[in-house]
Amino acid sequence: MRCRRARVGLVVAIAALVCFAAACSGRDRSDPTTFTTPPISSTTTTAVPSTTTTTSPPPPRADLAGLSPGFGITALPQADFDATFDAIAATHARWLRVDFDWSVIQRHGASSYDWSRTDRIVAAARARHLSVDALASYTPAWARPSGTPDKNPPIDPDDFARFVSAAAQRYAPTGVTTWEIWNEPNVSTFWYPRPNPQEYTALLVRASAAIKSVEPNATVITGGLSPAADSSNGSEISALTFLDAIYAAGGGRAFDAVALHPYSFPNLPDFAADYNTFLATPALHQVMVDHGDALKKIWGTEVGAPTEGGGGAVSESVQAEIVTQAYQRWTEWSYTGPLIWFAYEDAGSSPFDRDDHFGLVDTDGRPKPALAAFDQAVRTLLARQPAP
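To start, this report covers the structure provided alongside it. Per chain, residue numbering runs from 1 following the sequence as it is written. Per-residue local features of the predicted model are confined to residues with pLDDT of at least 70, and side-chain atom pairs are confined, for both listing and counting, to 80 or more; whole-chain, interface and lining totals are unaffected and use all residues. Hydrogen atoms and water are omitted, and side-chain values are computed over all heavy atoms in the structure.

1. Structural notes on the side chain of Lys 212
Only DSSP runs of H or I covering at least 4 residues are called helices, and only runs of E covering at least 2 are called strands; the numbering of each starts at the N terminus. With respect to the secondary-structure elements, Lys 212 resides in helix α6 (residues 197-214). Classification of residues uses two cut-offs on accessible area relative to the type maximum, computed with a 1.4 Å probe and protein chains only: under 20% is buried, over 50% is exposed, and between them is partly exposed. In this structure Lys 212 comes out as buried when scored by relative accessible area, which is 8%. Under this definition, polar contacts are N or O atom pairs within 3.5 Å; protein pairs additionally need one hydrogen-donor-capable and one acceptor-capable atom, and for neighbouring residues in sequence, both atoms have to be side-chain atoms. A polar contact of 2.7 Å, which involves the side chain of Lys 212, links it to the backbone oxygen of Ala 218. Among the polar contacts listed, one links the side chain of Lys 212 to the side chain of Asp 256, at a separation of 2.8 Å.

Pasting the structure below:
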């Protein structure tokens, strides 16, 4: 959905299925059922992030609510960065969805790691008792075909597996054990030049094995599936079709939860329409049931509505209604996990760029009505949540 930015081992039979699918896609691959954790090095930072210790108990947090901090969080001056994280923590939501951008962390080559951005965010989240959904995605230039964008999958998915292994080694000791593998792989915007569920499954299988070799109890989530229809030119694949294809390619045992981006704007989540991805959530769960995965959850790792910027934009009052209705309805389903609102803060102020205006607050920090609606939704969830 965002145009700007853009789980262990498998039995031999399943590995063969994925290998066959990868071969059919024109690449020579073999899917490992185990992953040997490689040593890592860094040319930029080496210290594992630390956090402030405290003897007071952590504040209660709503386990089913989360936020994305929004675009450009790592570019903020320290005072603004801290203020933003304090404001996010003050909502009492539990989850923070964070980009672990491979194309940035290993931009200088296969043996070089720059963890500075993620170190800063993970340390800030940990200090405020926020749990991280680590979104691992996007390919550095050295790992993709020449002339392709960072949304092109890697030539060798094992390069990506080595990256997530290194990331898990670094951040598992800090409590980061939830990993979302890629963003919206069912649309060409994020899986260039067009989505390929067999290729994605090969990536998912390897990444999951790599993460689990470091932290066996990690939670691996599929890449959040975009609101999309099955297009005739192959540029988009619906969430239901794409997930069914992951199962067909042998990927069912590689993930612990399915991620969906249940956008409904400019309409409310309960608006009955074929294109309303929010209301497609039960059908997506039925695909899981049909493949023996009834006990796995669907995470809504991205949901929101823009308040300016052209087509699809809504008024601030409607954005607040979407917040309220989304959390009410989502948490009524027994098979859903956390729902993460995109985003806490607007990315910019362009009147022509819709992606600038998904925030609960604007770029000046002015709260929109949706912030109060989000706070109320979190309080409602906390009241229903068993005491720790």
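2. Quick word on the packing of aromatic side chains
Stacked, edge-to-face and tilted labels apply to pairs of Phe, Tyr and Trp rings (six-membered ring for Trp) whose centres lie within 6.5 Å, assigned for plane angles under 30 degrees, over 60, and everything in between, in that order. Following the criterion strictly, the structure yields 27 aromatic pairs and no others. With a centroid separation of 6.4 Å and an interplanar angle of 10°, the aromatic rings of Trp 115 and Phe 163 are classed as stacked. One end of the pair, Trp 115, is in the loop between α3 (102-105) and α4 (116-127); the other, Phe 163, is in helix α5 (residues 157-171), with 48 residues separating them in the sequence. The burial state of Trp 115 is the same as that of Phe 163; both residues are buried. When the centroid spacing of 5.5 Å and the interplanar angle of 35° are considered together, the rings of Phe 278 and Trp 333 count as tilted. One end of the pair, Phe 278, is in the loop between β6 (257-260) and α8 (281-290); the other, Trp 333, is in the loop between α9 (316-330) and β8 (336-341), and 55 residues separate them in sequence. For a Lys NZ or an Arg CZ to count as sitting over a ring, it must be within 6 Å of the ring centre and within 35 degrees of the ring normal. If you follow Lys 296 out to its NZ or CZ, it ends over the ring of Phe 255, 4.3 Å from the centre.

3. Topic: the environment of Pro 197
Take Pro 197: it is sitting in helix α6. The class for Pro 197 is buried, based on a relative accessible area of 9%. Those residues in contact with Pro 197 that lie beyond four places of it in its chain are Ile 237, Phe 242 and Ala 245. In what follows, a contact means two residues having at least one pair of non-hydrogen atoms within 4.5 Å.

4. Description of α9
Multiplying 1.5 Å by the residue count of a helix minus one yields the expected span of that helix. With 15 residues, α9 extends 21 Å from end C-alpha to end C-alpha; this agrees with the ideal 21 Å at 1.5 Å per step. Gln 319, Ala 320, Ile 322, Val 323, Gln 325, Ala 326, Tyr 327 and Trp 330 are the residues of α9 that are buried. Buried residues along α9 sit in contact with β1 (62-67), α8, β7 (297-303), β8 and α10 (369-384).

5. Topic: the pairing of β1
Bridge count between β1 and strand β2 (residues 93-101): three bridges; the pairing is parallel. Bridge pairing in β2 places Ala 62 opposite Ala 93. Where β1 and β8 come together, three bridges link them in parallel fashion. Its bridge partner lying in β8, Gly 66 is registered against Ile 340. Only strands joined by at least two bridges in the DSSP assignment are considered to pair.

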